[in-house]
Amino acid sequence: MGSHPESKDSLPAPVTPAGREALEAILTRPTRTVVALDFDGTLAPIVPDPDRARAHPGAVPALAALAPKVASVAVVTGRPAGVAVRHGGFAGVPGLEHLVVLGHYGAERWDAVSGTVTAPAPHPGVAAVRAELPGFLDRIGAWQGTWIEEKGRAVAVHTRRAEDPQAAFEALREPLAELAGRHGLIVEPGRMVLELRPPGVDKGVALMEYVRETGAEAVLYAGDDLGDLPAFAAVEKLRSDGVPGLLVCSGSSEVAELAERADLVVDGPAGVVRLLAALAAHLT
């Protein structure tokens, strides 16, 4: 960016009145703004193996340029907080001293200022489901092409490698919901993934609590997945309470519902990075 600074015109225009109002609020009151972002599919490209997911190369530089100019930057993810920190490369970065990662949908929290994760005790149902799930998938004939991801405070079943990923996803929704319910858990659907996790925590709850904690007067939230819909709903609730909010969809043909509710659709993680960098440049 150094020799080619972004101009105001480089900021994409939200397509909704609420989005335009929110962008104006962010530009005029940046130090009262929370910028919150999903990780997978938003800051990091979606890859077949989640263990290989890494933040877009431009994500950390853009965040480090923007973070000192706003009230706070928070990464809100279903991943364990420590995993998101490692895969994102967020630790020890100048400019990100006050970054917060809300992991496991807010059940865990990593603060850059301390470098530590705080979290309550795990839900016992997760361990029970973890033990039962391999045999369960085998019995219902869903083992072929599906695989289990261990997430610490949750467990996920992926169908992206199945012969027909969408058909496998739909076929598993009801059986996994029944399994989760027996152990006091819920199923959170994502992009060709069904995650079994404790109830009462989602990205909407995490975002709402964090915005209230910071006393923010404007918020930007960017996501790409069905799991981001609660966060979108939280921003819509904040709007109704008088807090302007900008909803950004990290463009995906897989999750039309999110794109339809967004004020701004950008071209995946690369588009998110461009937006963050343009905001940072504009606020210089």
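Now for a description of the structure that goes with this document. What you see is a predicted model, and the numbers here were worked out from it, not measured in a lab. (Residues numbered from 1 in each chain as written. Predicted model: local features only at pLDDT ≥ 70, side-chain atom pairs only at ≥ 80, totals over all residues. Heavy atoms only, no water.)

**With respect to the overall build of the chain**
(1) Moving on: Along the chain, the regular secondary structure elements total nine helices and 12 strands.
(2) Moving on: A compact globule built from 284 residues would reach a C-alpha radius of gyration of about 19 Å, and the chain, at 19 Å, matches this within 12%.
(3) Moving on: Viewed in the frame of its principal axes, the chain has a C-alpha envelope of about 60 × 40 × 35 Å.
(4) Moving on: Out of the 284 residues in the chain, the part that is buried amounts to 54%.
(5) Moving on: Across the chain, every contact between residues at least 6 apart in sequence was considered, and the portion connecting residues at least 24 apart equals 67%.
(6) Moving on: Here the chain displays about 12000 Å² of accessible surface, and carbon together with sulfur accounts for 55% of that area. (Helix = DSSP H or I, 4+ residues; strand = E, 2+ residues; numbered from the N terminus. Rg over C-alpha atoms; globule rule 2.2 N^0.38 Å. Buried < 20%, exposed > 50% of the residue type's maximum accessible area, 1.4 Å probe, protein only. Contact = heavy atoms within 4.5 Å. Areas by Shrake-Rupley, 256 points an atom, 1.4 Å probe, with all protein chains shown as cover.)

**Considering the side chain of Ser72**
(1) Moving on: Checked against the element boundaries, Ser72 lands in strand 2 (residues 72-76).
(2) Moving on: Of the residues examined, Ser72 reaches a relative accessible area of 6% and is grouped as buried.
(3) Moving on: Of note is the side chain of Ser72, whose polar atom sits 2.4 Å from the side chain of Tyr210.
(4) Moving on: The residues contacting Ser72, other than those within four sequence positions of it, are Thr33, Val34, Val35, His98 and Tyr210. (Polar contact = N/O pair within 3.5 Å; in protein donor to acceptor, adjacent residues only side chain to side chain.)

**Regarding the packing of helix 2 (residues 59-66) against helix 9 (residues 268-282)**
(1) Moving on: The contact between helix 2 and helix 9 brings their axes to 8 Å, and the two run at 25 degrees. The pairing of helix 2 with helix 9 is recorded here as roughly parallel in orientation. Both helix 2 and helix 9 take part in a crossing whose hand is left-handed. Facing helix 2, whose interface residues are Ala59, Ala62, Leu63, Ala65 and Leu66, helix 9 presents Val273, Leu276, Ala277, Leu279 and Ala280. (Axes fitted to C-alpha atoms, helices over the stretch in contact; angles between N-to-C directions. Parallel < 35°, antiparallel > 145°, perpendicular 65-115°, else oblique. Left-handed = near helix turned anticlockwise from the far one by under 90°.)

**Remarks on the sheet that holds strand 4 (residues 108-111)**
(1) Moving on: Ordered by their spatial adjacency, eight strands build an open sheet running 5-4-3-2-1-10-11-12, and the pairing between neighbours is mixed. At either margin of the open sheet sits one strand with a lone partner, and together these are strand 5 (116-118) and strand 12 (264-266). The average angle at which neighbouring strand axes cross in this sheet is 20 degrees, direction not considered.
(2) Moving on: Two elements, strand 1 (residues 33-37) and strand 2, share four bridges in a ladder whose sense is parallel. (Pairing = 2+ DSSP bridges.)

**Digging into unusual backbone geometry**
With the exception of glycine, the majority of residues adopt a negative phi angle, and the majority of peptide bonds are in the trans configuration.
(1) Moving on: The backbone phi angle of His104 is positive, close to 50 degrees, even though this residue is not glycine.
(2) Moving on: Along the chain, His104 falls in the loop between strand 3 (100-103) and strand 4.
(3) Moving on: For His104, a relative accessible area of 3% puts it in the buried group.
(4) Moving on: At Tyr105, a residue that is not glycine, the phi angle is positive and equals roughly 60 degrees.
(5) Moving on: Secondary-structure assignment places Tyr105 in the loop between strand 3 and strand 4.
(6) Moving on: With a relative accessible area of 8%, Tyr105 lands in the buried category.

**A look at the packing of helix 4 (residues 124-139) against helix 5 (residues 165-182)**
(1) Moving on: The contact between helix 4 and helix 5 brings their axes to 11 Å, and the two run at 145 degrees. You can see that helix 4 and helix 5 cross each other, and the crossing is right-handed. Contacts between helix 4 and helix 5 involve Val129, Glu132, Leu133, Phe136 and Leu137 from the first element and Leu172, Pro175, Leu176, Leu179 and Arg182 from the second.
(2) Moving on: In the contact of helix 4 with helix 5, the residues fall into eight nonpolar, no polar and two charged. (Nonpolar A, V, L, I, M, F, W, Y, C, P; charged D, E, K, R; others polar.)

**Examining the environment of Glu149**
(1) Moving on: Checked against the element boundaries, Glu149 lands in strand 6 (residues 147-150).
(2) Moving on: For Glu149, a relative accessible area of 11% translates into the label buried.
(3) Moving on: Considering only alpha carbons, one finds Glu149 and Asp51, 98 residues apart in sequence, at a separation of 9.2 Å.
(4) Moving on: Apart from the residues within four sequence positions on either side, Glu149 is in contact with Pro50, Arg79, Val155, Ala156 and His158.
(5) Moving on: Side chain to side chain, Glu149 and His158 meet in a polar contact 2.7 Å long.

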